[in-house]
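# Summary of structural features
Residue-level listing of the chains:
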Amino acid sequence: MPIDCFPSNMTIMPPPPRAPPPPPPEPLVFDASILQHQANLPSQFIWPDHEKPCLEPPELAIPPIDFGSFLTGDPLAVSKLAQQVNEACKKHGFFVIVNHGVDSKLIAKAHEGMNMFFGKQLSEKPVQRKIGEQYGYASSFTGRFSSKLPWKETLSFRYCADNQSSNIVQEYFLNVMGEEFKQFGKVYQEYCEAMNTLSLGIMELLGVSLGVGNEYFRDFFEGNDSIMRLNYYPPCQKPELTLGTGPHCDPTSLTILHQDHVSGLQVFVEEKWHSVTPDPEAFVVNIGDTFMALSNGIFKSCLHRAVVNNVTVRKSLAFFLCPKMDKVVKPPNTLVGYKNPRVYPDFTWPALSEFTQKHYRADMKTLDVFTTWLQQKNNCGGTRNASSC
């Protein structure tokens, strides 16, 4: 059988060089000054069909709470308001307060500060919020998530009600954001102090409505370590495809929200989404997951979202009340019994906060998922990652 032979001096050609790998895609940047004019939305901002906004939701009609009447201490007025709040918080965790005593000029200045900050070019906005942190500027969380991105920008900063941190907001704006923000630091310091006073008053009302007295929850939140957030929702040429904020319950204790004149907030009540008409004279208040745990599940954390429009900017001021870092979140004994066993385990706010920043994207199931995660972690003795136990 013949054997093929090759000359010994034959040159074997090396394989052609491999083509270099394609460069990685440019990171997505949410630059509102550009994207608000584009008809084609990046796919990361397009939400699934079952979560897309409804175009004409019914309006949520609930009577406002006259907070001034509560502060008078009149027994009949207090009893009536406590009953209203009790019904609302058991049903959906949401109510509106008027006659709240917060200076309208201060609110207007706080909105002016948002116009100044968010009106800057993206490159001029300092203090980018880092992944896993609560504070700083975030342009749609593009660095943290890759899908179902919110059509918004935010600026978040810390407020502490203890005496040792009396000017923490003012110092943040001056030392971190720069000299040009000094005056607005004073405005937001004053605004946070007003929100602190208002939130402690609301805690008195919630205590009365739960039958534990007006001091229990107020005392629990004295010296609170809270979060202030400025929300900016630019116009979107395809608002029917995206959301300003996806459906979620706030993991914090209580949210006090002031809206500008533009509609966008929606609340989930009786198995459907309802719009909340803005009222510049009112504050929107909703229960968060931490307070739901404090009430032993009696009061419900409010499921809500924000939609956008193709015409105008929408802005809101959100104060998130949170307990001091070392406070143990557990309900008062009077809310626990044979017929009302404990629903959630003891935890601290930093533990829940870290869970939502590093392990889980806040939604309508955050507290239940956190409870399971925490129980697994405790069963492992805290020595290993809970998911590996």
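Residues numbered from 1 in each chain as written. Predicted model: local features only at pLDDT ≥ 70, side-chain atom pairs only at ≥ 80, totals over all residues. Heavy atoms only, no water.

Most of strand β8 (residues 265–269) is tucked away, with 4 of its 5 residues classed as buried. Across 4 bridges, β8 lies against strand β9 (residues 272–275) in antiparallel orientation. By the bridge assignment for β9, Phe268 is matched with Trp273. Between β8 and β9, which follow one another and run antiparallel, lie 2 residues, and Glu270 among them has a positive phi close to 55°. (Buried < 20%, exposed > 50% of the residue type's maximum accessible area, 1.4 Å probe, protein only. Helix = DSSP H or I, 4+ residues; strand = E, 2+ residues; numbered from the N terminus. Pairing = 2+ DSSP bridges.)

Here we come to the sheet that holds strand β11 (residues 303–306). Here we have 4 strands laid out as an open sheet, ordered β6-β11-β8-β9, and antiparallel in their pairing. Of all strands in the sheet, those with a lone pairing partner are β6 (245–249) and β9, marking the two edges. On average, each strand axis in the sheet is tilted by 25° relative to the strand beside it, whichever way the strands run. (Axes fitted to C-alpha atoms, helices over the stretch in contact; angles between N-to-C directions.)

In this section: the packing of helix α4 (residues 104–118) against helix α6 (residues 182–210). One can describe the packing of α4 onto α6 by two numbers: an axis separation of 10 Å at closest approach and a directional angle of 135°. Considered as vectors, α4 and α6 are oriented oblique to each other. For the element pair α4 and α6, the recorded crossing hand is left-handed. Contact with α4, carried on its side by Leu106, Ile107, Lys109, Ala110, Glu112, Gly113, Met114 and Met116, involves Phe184, Val187, Tyr188, Glu190, Tyr191 and Ala194 of α6 and no other residues of that element. (Parallel < 35°, antiparallel > 145°, perpendicular 65-115°, else oblique. Left-handed = near helix turned anticlockwise from the far one by under 90°. Contact = heavy atoms within 4.5 Å.)

Attention now moves to the confidence of the model for the protein. Residues at a pLDDT of 70 or more form 89% of the protein, whose mean pLDDT is 90. Between residues 1–6, whose pLDDT stays under 50, and residues either more than four places distant or in other chains, the model counts 0 contacts. (pLDDT = per-residue confidence, 0-100.)

In this section: the side chain of His248. Counting through the fold element by element, His248 comes out in strand β6. Polar side-chain contacts of His248 include one of 3.0 Å to the side chain of Asp250. Those residues in contact with His248 that lie beyond four places of it in its chain are Cys302, Leu303, His304, Ala362, Asp363 and Met364. (Polar contact = N/O pair within 3.5 Å; in protein donor to acceptor, adjacent residues only side chain to side chain.)

Here helix α3 (residues 75–91) spans 24 Å end to end across 17 residues, near enough to the 24 Å set by a 1.5 Å rise per residue. Of all the positions in α3, only Ala77, Val78, Leu81, Ala82, Val85, Asn86, Ala88 and Cys89 are classed as buried. Where the residues of α3 are buried, they touch β1 (65–66), α2 (67–72), β2 (94–98), α6 and β10 (283–287). Gly93 occupies a position one or two residues after α3 and carries a positive phi of about 75°. (Expected span 1.5 Å × (residues − 1).)

With that settled, the discussion passes to the side chain of Thr252. In this structure, Thr252 sits in the loop between β6 and β7 (254–259). Residue classification places Thr252 among the buried positions, given a relative accessible area of 4%. Once you skip the residues sitting within four places of it in the chain, Thr252 turns out to touch Gly288, Asp289, Thr290, Phe291, Phe320, Leu321, Cys322 and Trp349.

Counted according to the given criterion, the structure contains 11 salt bridges. We note a salt bridge from Lys120 to Glu180, for which the minimum N-O separation is 3.1 Å. Highlighted residues: Lys120 in the loop between α4 and β3 (136–139) and Glu180 in the loop between α5 (168–177) and α6, separated in sequence by 60 residues. Residue Lys120 is classed as buried on the basis of its relative accessible area, which comes to 19%. (Salt bridge = Lys/Arg side-chain N within 4 Å of Asp/Glu carboxyl O.)

Core analysis: the biggest nonpolar cluster contains 91 residues, and Phe95, Phe157, Tyr188, Ile202, Leu206 and Phe291 have the highest contact counts within it. Ranked by the residues each element gives to this core, the list is headed by α6, at 14 residues. For Tyr188, the contacting residues outside a window of four places in its chain are Ala110, Gly113, Met114, Phe157, Val169, Phe173, Leu230 and Leu317. If you look at the next biggest cluster of nonpolar residues, it comprises 12 residues, including Ala32, Leu41, Cys236 and Ala306. (Core = buried A, V, L, I, M, F, W, Y, C linked by side-chain atoms within 4.5 Å.)

Another point: the packing of aromatic side chains. Each aromatic ring pair is characterised by the separation of its centres together with the angle its planes make. In this structure the tally under the stated criterion is 24 aromatic pairs. Pairing Phe355 with Tyr360 gives two aromatic rings, centres 5.5 Å apart and planes at 15°, and the pair type is stacked. There is no split in this pair, since Phe355 and Tyr360 are both buried. Here the basic side chain of Arg305 rests over the ring of Trp273, its NZ or CZ set 4.3 Å away from the ring centre. (Phe/Tyr/Trp six-rings, centres within 6.5 Å; stacked < 30°, edge-to-face > 60°. Lys NZ or Arg CZ within 6 Å of the ring centre and 35° of its normal.)

With 5 of 5 residues buried, β10 lies mostly within the body of the structure. Of the two faces of β10, both are covered, the one formed by Phe283, Val285 and Ile287 as well as the one formed by Val284 and Asn286. Where β2 and β10 come together, 4 bridges link them in antiparallel fashion. Paired with Ile97 across the two strands is Phe283, which belongs to β10.

The residue His304 is located in strand β11 in this model. Here His304 falls in the buried class, since its relative accessible area comes to 9%. Sequence-wise, His304 and Ser275 are 29 residues apart; in three dimensions their C-alpha atoms are separated by 9.8 Å. One polar contact links His304 to Asp250, side chain to side chain, over a distance of 3.4 Å.

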